[in-house]
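# A closer look at the structure
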Amino acid sequence: MAPTRVDFYFDPICPFAWITSRWILEVEKQRELDLTFKVMSLSLLNQGREDLPERYKELLAEGWAPVRVAIALGQLKGQQAVRDYYTEFGLRYHNQGNKDRGQVIKEALEAIGAPPELAEAGDSTEYDEALSTSHHEGMDPVGMDVGTPTIHIDGVAFFGPVLSSIPRGEDALKVFDGAVALASYPDFFELKRTRTGELNFD
């Protein structure tokens, strides 16, 4: 059987995308996946919205740099570099709680052996057209009233799964098989319940 194609769209600053990304990597250890990490942008998604809390607006204003660097890195170094950058960024930003995005970007680039000057892409609009293209490829099929994580499984796109901890081992496969099953039904749209408890990145 051919590997299951999975396109995972992420914004590095989103804690829910981070948890879901670690889950899909857990699945990749146990299943044949053609897994690609691609970039969407919460800053772009919410651009122009005035109904957001001020604190969230501030977070989004600072959210351009991580995605711009990811796009630049992908163009210059390829998919594996994007995946590695996301891992190094997420470990520092989410697991370790370092919210200095500039410092996290620099450390993540250093950790993967990427040119340090790539950090300058975060303050440039040079890669914004490519960012917009990647973003819309991921988000247009699911609609703009959702965010990240967004996953395309064998060409079927949906928002989620949103998880508060990382499923491991057999649990990871159960979640994946459920997602694939739901994605395969053309009239499936949504399952949802209120979130409770704290996020667990371990």
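A brief look at the structure comes next. (Residues numbered from 1 in each chain as written. Predicted model: local features only at pLDDT ≥ 70, side-chain atom pairs only at ≥ 80, totals over all residues. Heavy atoms only, no water.)

### Quick word on the overall build of the chain
Formally: Segments assigned H or I by DSSP are reported as helices when at least four residues long, segments assigned E as strands when at least two residues long, and all are numbered from the N terminus. Only C-alpha atoms enter the radius of gyration, while the globule expectation follows 2.2 Å times N to the 0.38, with N the number of residues. Working definition: with a 1.4 Å probe on protein chains only, accessible area under 20% of the residue-type maximum means buried, over 50% means exposed, and in between means partly exposed. Only heavy atoms enter the contact rule, under which two residues are in contact if any of them lie within 4.5 Å. Using a 1.4 Å probe, the Shrake-Rupley method yields the accessible areas, and only the shown protein chains count as cover for residues. When charges are counted, neither His nor the chain ends are considered; positive counts come from Lys and Arg and negative counts from Asp and Glu. Charged groups are reduced to one reference atom each: NZ for lysine, CZ for arginine, CG for aspartic acid, CD for glutamic acid.
The number of helices and strands found in the chain is 8 helices and 4 strands. Listed N to C, the secondary structure of the chain is β-α-β-α-α-α-α-α-α-β-β-α in terms of helices and strands. Here the C-alpha atoms of the chain give a radius of gyration of 16 Å, agreeing with the 17 Å that 2.2 N^0.38 yields for 202 residues. Taken along its principal axes, the extent of the C-alpha atoms in the chain is 45 × 40 × 35 Å. With 202 residues in all, the chain has 47% of them scored as buried. Within the chain, counting contacts between residues at least 6 apart in sequence, those at least 24 apart form 70% of the total. Here the chain has roughly 10700 Å² of accessible surface; of this, 48% comes from carbon and sulfur atoms. Measuring between centres, the 20 positive side-chain charges of the chain sit 4 Å from its 33 negative side-chain charges.

### Focus: the packing of helix α1 (residues 15-28) against helix α8 (residues 169-183)
Cut-off, in case you're wondering: Axis lines are fitted to C-alpha atoms, over the contacting stretch for helices. Their N-to-C directions set the angle, which ranges from 0 to 180 degrees. Note that the term roughly parallel is reserved for angles under 35 degrees, roughly antiparallel for angles over 145, roughly perpendicular for angles of 65 to 115, and oblique for everything else. All residues other than Ala, Val, Leu, Ile, Met, Phe, Trp, Tyr, Cys, Pro, Asp, Glu, Lys and Arg, Gly among them, are scored as polar; the first ten of these are nonpolar and the last four charged.
Contact pair α1 / α8: the axes reach a minimum separation of 9 Å and the direction vectors enclose 105°. Regarding the angle of α1 to α8, the classification is roughly perpendicular. Of α8, the residues touching α1 (which contributes Trp23, Ile24, Glu26 and Val27) are Gly169, Ala172, Leu173, Val175 and Phe176. Across the contact of α1 with α8, the residue classes tally to 7 nonpolar, 1 polar and 1 charged.

### Considering the nonpolar core
Operational definition: In these notes, a set of buried Ala, Val, Leu, Ile, Met, Phe, Trp, Tyr and Cys residues joined through side-chain atoms within 4.5 Å is what counts as a nonpolar core.
With 61 residues, the main nonpolar core has Trp23, Ile24, Tyr85 and Leu109 as its most contacted residues. Other than its neighbours up to four places away in sequence, tyrosine 85 contacts Pro66, Val69, Ala70, Leu73, Ile105, Ala108, Leu109 and Ile112.

### Some points on the sheet that holds strand β3 (residues 150-153)
Operational definition: Two strands qualify as a pair provided DSSP detects at least 2 bridges between them.
Ordered in space as β2-β1-β3-β4, the 4 strands form an open sheet in which the pairing is mixed. The outermost strands of the open sheet, each flanked by one partner alone, are β2 (33-39) and β4 (156-159). Strand-to-strand twist in this sheet, taken as the mean axis angle between neighbours without regard to direction, amounts to 20°. Alignment of β3 against β4, held across 4 bridges, turns out to be antiparallel. Bridge pairing links isoleucine 151 to phenylalanine 158 in β4.

### What to know about the packing of aromatic side chains
Remark: the centre distance and the inter-plane angle together describe each pair of aromatic rings, the angle taken between the planes. Going by this rule: Side-chain rings of Phe, Tyr and Trp (the six-membered ring for Trp) are treated as a pair once their centres are within 6.5 Å; stacked means planes under 30 degrees apart, edge-to-face means over 60, and tilted covers the remaining angles. For a lysine, the NZ atom is tested; for an arginine, the CZ atom; a charge sits over a ring if that atom is within 6 Å of the ring centre and within 35 degrees of the ring normal.
In the structure shown here, the tally under the stated rule is 8 aromatic pairs. Ring centres of phenylalanine 10 and phenylalanine 37 lie 6.2 Å apart, and the angle between their planes is 70°; on these two criteria the pair is classed as edge-to-face. Here the residue phenylalanine 10 occupies a position in strand β1 (residues 4-10), and phenylalanine 37 occupies one in strand β2, the gap between them amounting to 27 residues. When its relative accessible area of 0% is taken as the criterion, phenylalanine 10 is described as buried. Aromatic pair tyrosine 85 and phenylalanine 89: ring centres 6.0 Å apart, planes at 50°, arrangement tilted. Pair noted here: tyrosine 85 and phenylalanine 89 are both in helix α5 (residues 79-95), with a separation of 4 residues, about one helical turn. Overall, tyrosine 85 belongs to the buried group, its relative accessible area being 0%. For the cation-ring pair, arginine 22 lies above tyrosine 86, with the distance from its terminal atom to the ring centre recorded as 5.4 Å. A cation over an aromatic ring shows up here: lysine 99 above the ring of tyrosine 93, its NZ or CZ 3.9 Å from the ring centre.

This is a description of form; function is not addressed.
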